[in-house]
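# Coordinate inspection notes
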Amino acid sequence: MPKSGTVKIAFQLAILVAAGFAPFYLSSYNLSLLGRFLALCILALGIALIWGWGGMLSLGQGVFFGLGAYSLAMYLKLVGLGPGDLPDFMEWSGLSRLPWWWTVFRNPAVAIAGVIVVPAAAAAILAWLVFHRRVGGIYFALITQALALAFSTLLISEQAYTGGFNGLTDFGALLGFQLIDPKVQRGLFWVTLACLAVALFFLQWLVGTDFGKIVLAIRDGENRIRFLGYNPVPYKVVVFAIGGALAGISGALYMLHAGVISPAMVGVVPSIEMIVWVAVGGRESLVGAILGTLLVNFGKDWISSAIPSLWLFVIGLLFVIVVTVVPKGLSGLWGEPVRNWVAVKIFRISPIRHALVVTEPLNNIAVEKMTSAASDAPGPEHRERLDEA
Amino acid sequence: MSFSSKVLVVRIKAICVLATILTIAVSTVDLRPVMAQGGGTVKVGVLQSLTGTMAISEVPVKDATIFAIDQVNAEGGVLGKKIEPVIEDGASDPAIFAQKAQKLIQEDKVVTVFGGWTSASRKAMLPVFERFHNLLWYPVQFEGNECSSNIMYSGAQPNQQILPALQWGFEKGYRKYFLLGSDYVFPRTANLILKKHIAHDGGQIVGEEYEPLGGTDFSSIITKIRLARPDVIFNTLNGDSNVSFFKQMAAAGLPPSKIPVMSFSIAEQEAKAMGTQLVTDSYAAWNYFESLNNPMNKKFLAAYHKKFPNSAMDDPMVHGYIDVLMWAAAVKKANSFDPNAVRKAATDLAWGNSVMGSIKFAPNQSLYQTAYVGKLQPDGQFSILWQSKQPLFPQPYDPQVFPGKNCVVH
Amino acid sequence: MGDTAVVAGQIFNGISVGSILLLAALGLVLSFGVMKVINMAHGEMLMVGGYLSYLTFHHAHGPLALPAAMLVSFVGATLLGAILDLTIIRHLYGRPLDTLIVTWGISLIFQQGARSLFGAIGVDVTAPQWLQNSISINHGLLAGVDLPYVRLFIIGVALVVLAVVALCIGRTRWGTMLRAVHQDREMAAALGVNTHLIDLAVFALGTGIAGLAGSVLALIAPVTPTVGQSYIVYAFLVVIVGGPGSLIGAALAALCVGLFSATAQIFTSVSLSDVFLLVAVILFIQFRPKGIVATHSRLLEDA
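Residues numbered from 1 in each chain as written. Chains lettered and ligands numbered in written order. Predicted model: local features only at pLDDT ≥ 70, side-chain atom pairs only at ≥ 80, totals over all residues.

Turning our attention to the overall build of chain B. A count of helices and strands for chain B gives 13 helices and 15 strands. Here the C-alpha coordinates of chain B stretch approximately 90 × 65 × 45 Å along the principal axes. Put simply, chain B has 410 residues, and 58% of those count as buried. (Helix = DSSP H or I, 4+ residues; strand = E, 2+ residues; numbered from the N terminus. Buried ≥ 20, exposed ≤ 12 C-beta atoms within 10 Å, placed from the backbone.)

Dropping the structure here:
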């Protein structure tokens, strides 16, 4: 009997291959757009994991995005300098010596490791501080939002060390590759795509493991998990750290595509926009998160060119409509009737075999949750679970 | 687990079909007809924040730029072609500025771009313009310390706005200076330069404070001002923070008539929005005031107010306006739209009587211009108290603070 | 001006900032406590209040203009809150995080709406003449301390609002029902309390207070489409520190946050004091995860 996931993975691979040939049929502007949005998709995957599976809403993913981007940007700022020279903004901020914590980023290995380690560590520390005191839910969302505000304020005010409001731009070569070279840009696109693919397959594997199942169970009933003898805190911390690491990688890749990283990309508003991408695509679907990110960002590029003042109305309405009407996002629309039809007619899977796919534990819980959330006046036993969602 | 080979083949076929459909679907997006540059028009980009926090300042500059383009078109265009502006929104986000600049150059094939307000947006766009060898006309006063051959800096350098204001202050007998700014690059760099010059000229800094962008509480800063008893406050606050600052100063019994305030980001536009009475009697330093008494300015204002009856005119808007005229003149002189030829032609031109007086581009692609100090009247206009003796040579690098740095473009 | 005077001045500044935060956060505390709903559009209610008071000042003059503006802002924001609750919020009951996202969407629509109606540049609201002065202390230990009337007025408004809300909740029949819903929603519903109506009232009252706060804050701060954003995060911190649904907690928390900022600003810049504030709040919840005044509940899964 064929493995139920094989088709899914093959399908995803096909799309990845099609995307891989994008440099040959997209104009270089559209390619650069696609590259940057694919980089953002990595962050969206992280949000889908921590929000869709872990039930933790973070309004501060911009912080981890920024930490990753700044780690690599510091290296790029230093790489072209002679010994004793300072990055331009330090000079006009009146600094005369490179601070020690900048000097370690002269080493490309440290910088690239920093892209993953720094945001992951920051995320883990924050998550531990909040969750070990059993603070959760809304408080966590609000604290992460305050963190986004504090982080961008700090970046802006410490101009001599961070480039301030201008951020970091005008970079040197990455490992000898000049970023403005079209060939390097193309290579960067493939690297981004590869990172996205790895992240996607890693998360798909992760949510299927026992670890993934416990995380899901914590989302749906944290106290019940405690009663069963598990300590949910390490699980939440690890999940949040993974989300942070993905945000960091995403930030570094985005910074390479955009050629700039500045506090405007890490603050409160961009952090919340990141949540919309995933909400639109469907928080409980990894592929949905990717589609949502691409859709919203291409939409933004298009609408904001055509009718700029409309953009805020559109994204505001999108928030309201998606969350109230289709809480599972676009991937929620990809409902069972469609899936059954595709499975039977196109992939020739017999209905019985397909039934095995649908009865995976994930879908079970998710479906139950959706039906209870949709009922107008939830009974007490449902409410208990929803309170934490 | 055994695969039946037939099922496998069917699946692979299906996947191939899907992949092909997808590829075609994606690629058709790009098959739009490429707009030819020929015919009767030439495209230029206008890139400002039409949404987000900076829209408040940048939308009026966009309007002034479009007004200038219409004016040039009404006079027959340039080199026989009408100018077609392509307007894009930078959304107050430097990464979007870079992205849209690339779009304008690559997709719309514009020959030049007018735009940018914050230094952050200019810095983000700079690599794009250098990479595609295009030209950006930047209309706002800024902190200097930058020198690119792909940017025409028409806004004031520090020595054309901040230092003249200091000179005026010393001439007025002010010795104790309090520096107050929003917490970002321009105020911090401007204050770095001011501190050196104040110390050098025998003045005294009695305080230096920064408010986060968008901050609204000044109670602690006002206490510090009260303690420091400055002769004058040099104010580089940005946008809305100015409203809070002046309101809370007035509430604390310290209106501009009691402690003089010299502002570097309050022009006619901002004064009008804040409520003129709040800032009446405060000072400002610019390279243009609406009240400038010259025939070109009168004619310009009459035409502009006919189109935008309620809009005030101010320094950045005028720079947005003259940038277009200077570009058109340079194109005519170069007899070409090529950015490289245009920028070289621009530095060879001079305008004896523009709306802001005598101007010309220095070899470093910044503008020679006159500095004015004005005092805000209750009617929202500045009365001009002081002006520099001649148009000032633009210095991107202050020789006292950054000795040995020089700006030479190739 | 001596050290004592500086400290006294900063304590006054702290109380003043605290009262502003209390006004901004009180509505949030109410709706969060009773409905477990975080209204991200709360800041926009402040903004609406500011614009309404601008419109009132446009039509009314004289000494009664300010009270009239406050009344108009309160009523206008209350109605707006009621509409929001009826059309959107109540359909999301039991999904607090979803409500949070939806209300953020609403806040974007409001911001752009204000921009389209009034322009991106703010409008001008000026404090009436009788508030344009201050009490200056010129003698003794506190010489140099200055108490602006506007700030005293805002502190007064905050205290009055707090007292009125406390009386409503503690002494009226409606307040009793509200507390019943707060303690045990199902049981209250079973005993005949119309929980939908209570939710509606609480949410509308919360937004109304925000509107009132907006009209008062317009006296010392700008009225722009995005002004709500500059208060909202601090208001959330007050909710976190104060604990859900406790008026005393909210008042204490606002005071603590205000005093903390004012004290920190003696030693450091405003930006850094903001950063320290967040660090302090995160450390604080290590010790009191449920806020200054924790409501004790026998429910296992309390928000």
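Alright, that's what it looks like, and here's the rest.
Let us look at the overall build of chain A. The secondary structure content of chain A amounts to 20 helices and 2 strands. For chain A, buried positions account for 49% of its 389 residues.

Looking now at the confidence of the model for chain B. Residue and element names in this part refer to chain B. Per-residue pLDDT for chain B averages 86, and the proportion of residues at 70 or more is 90%. Across chain B, element-level confidence peaks in strand 4 (residues 136-138) with a mean pLDDT of 96 and bottoms out in helix 1 (residues 5-28) with 49. Low pLDDT, under 50, characterises residues 21-37; the stretch is placed with 11 contacts to residues that sit more than four places away or in other chains. (pLDDT = per-residue confidence, 0-100. Contact = placed C-beta atoms within 7 Å.)

Moving on to the pairing of strand 8 (residues 232-236) of chain B. All names here are of chain B. Taking burial as the measure, the 5 residues of strand 8 include 5 buried ones, the bulk of the element. Of the two faces of strand 8, the one lined by Val 232, Phe 234 and Thr 236 and the one lined by Ile 233 and Asn 235 are each fully buried. Pairing analysis gives 5 bridges linking strand 6 (residues 176-182) to strand 8, with the strands arranged parallel. Pairing of Phe 178 across the sheet is with Ile 233, part of strand 8. Relative to strand 9 (residues 261-263), strand 8 runs parallel, the two sharing 3 bridges. (Pairing = 2+ DSSP bridges.)

On to the interface of chain C and chain B, then. Residue-level contacts link 34 residues of chain C with 31 residues of chain B. Among the secondary structure elements, those contributing two or more residues to the side of chain C that touches chain B are helix 1 (3-35), strand 1 (134-136), strand 2 (146-148), helix 5 (149-171), helix 10 (247-267) and helix 11 (270-287) of chain C. A total of 6 residues in the side of chain C that touches chain B trace back to one element, the largest contributor, which is helix 1 of chain C. Of the residues assigned to the side of chain C that touches chain B, the class counts are 13 nonpolar, 17 polar and 4 charged. (Nonpolar A, V, L, I, M, F, W, Y, C, P; charged D, E, K, R; others polar.)

Residue and element names in this part refer to chain B. Across the sheet, 7 strands lie side by side as 7-6-8-9-10-14-15; this open sheet has mixed pairing. Two strands lie at the open edges of the sheet, namely strand 7 (204-211) and strand 15 (382-387), each paired on one side alone. Taking each pair of neighbouring strands and ignoring which way they run, the sheet shows an average axis angle of 25°. Pairing analysis gives 2 bridges linking strand 9 to strand 10 (residues 283-286), with the strands arranged parallel. (Axes fitted to C-alpha atoms, helices over the stretch in contact; angles between N-to-C directions.)

Here we come to the packing of helix 8 (residues 137-157) of chain A against helix 4 (residues 96-118) of chain C. At a minimum axis separation of 9 Å, helix 8 of chain A and helix 4 of chain C run at an interaxial angle of 35°. Mapping the contact onto sequence places Gly 137, Ile 138 and Ala 141 of chain A in helix 8 of chain A and Pro 96, Leu 97 and Leu 100 of chain C in helix 4 of chain C. Taken together, the residues of the contact of helix 8 of chain A with helix 4 of chain C break down into 5 nonpolar, 1 polar and no charged.

Attention shifts here to helix 2 (residues 55-74) of chain B. With 20 residues, helix 2 of chain B extends 28 Å between its outermost C-alpha atoms, agreeing within 8% with the 28 Å of an ideal straight helix rising 1.5 Å per residue. The first or second residue beyond helix 2 of chain B is Gly 76 of chain B, which carries a positive phi of 105°. (Expected span 1.5 Å × (residues − 1).)

Glancing now at helix 3 (residues 94-106) of chain B. Residues lying three or four places apart along an α-helix face the same way, a consequence of the helix completing one turn every 3.6 residues. Residues and elements named next belong to chain B. For helix 3, spanning 13 residues, the distance from its first C-alpha to its last is 18 Å, which sits close to the expected 18 Å at 1.5 Å a residue. Helix 3 sits mainly inside the fold: 12 of its 13 residues count as buried. Along helix 3, the residues classified as buried are Pro 94, Ala 95, Ile 96, Phe 97, Ala 98, Gln 99, Lys 100, Ala 101, Gln 102, Lys 103, Leu 104 and Ile 105.

Residue and element names in this part refer to chain C. Interhelical geometry of helix 6 (residues 173-183) versus helix 8 (residues 195-217) gives an angle of 105° and a closest axis separation of 10 Å. Judged by the inter-axis angle, helix 6 sits roughly perpendicular to helix 8. Residue-level inspection shows Met 177, Leu 178 and Val 181 of helix 6 in contact with helix 8, the latter providing Thr 195, Ile 198 and Val 202. Its residues assigned to classes, the contact of helix 6 with helix 8 comprises 5 nonpolar, 1 polar and no charged. (Parallel < 35°, antiparallel > 145°, perpendicular 65-115°, else oblique.)

All right, on to the environment of Asn 238 of chain B then. Residues and elements named next belong to chain B. Within the fold, Asn 238 resides in the loop between strand 8 and helix 8 (240-251). Here Asn 238 falls in the buried class, since 25 other C-beta atoms lie within 10 Å of it. Sequence-wise, Asn 238 and Ile 105 are 133 residues apart; in three dimensions their C-alpha atoms are separated by 31 Å. Ignoring sequence-local partners within four residues, the contact set of Asn 238 consists of Ser 182, Leu 213 and Ser 265.

Ala 44 and Leu 45 of chain A together with Ala 25 and Val 238 of chain C are the most contacted members of the largest nonpolar core, which totals 343 residues. Examining the composition of this core, we find that 18 residues originate from one element, helix 3 (residues 28-53) of chain A, more than from any other. With residues up to four places along the chain from it excluded, the contact list for Ala 25 of chain C reads Ala 235, Val 238, Val 239, Ala 250 and Ala 254 of chain C. (Core = buried A, V, L, I, M, F, W, Y, C linked by C-beta atoms within 7 Å.)

A few words on the pairing of strand 1 (residues 41-48) of chain B. All names here are of chain B. Taking burial as the measure, the 8 residues of strand 1 include 6 buried ones, the bulk of the element. Where strand 1 and strand 2 (residues 82-89) come together, 8 bridges link them in parallel fashion. Bridge assignment links Thr 41 to a residue of strand 2, and that residue is Lys 82. Crossover handedness for the path strand 1 to helix 2 to strand 2: right-handed. For strand 1 and strand 3 (residues 113-115), the ladder comprises 3 bridges, and the chain directions are parallel. Paired with Val 46 across the bridge in strand 3 is Phe 114. (Right-handed = clockwise from strand over helix to strand, strands pointing away.)

Before going further, it helps to spend a moment on the environment of Leu 200 of chain A. Residue and element names in this part refer to chain A. Within the secondary structure layout, Leu 200 lies in helix 10 (residues 182-208). Spatially, the C-alpha atoms of Leu 200 and Cys 41 are 9.6 Å apart, while their sequence positions differ by 159 residues. In contact with Leu 200, not counting residues within four places along its chain, are Leu 45 and Leu 286.

All names here are of chain B. Read across the sheet, 5 strands follow the order 2-1-3-4-5 without closing on themselves; strand pairing throughout is parallel. The sheet terminates laterally at strand 2 and strand 5 (151-153), the two strands that pair on one side only. Averaged over all pairs of adjacent strands, the angle between their axes in this sheet comes to 25°, without regard to strand direction. Across 3 bridges, strand 4 lies against strand 5 in parallel orientation. Residue pairing for strand 5: Tyr 138 is matched across the bridge by Tyr 153.

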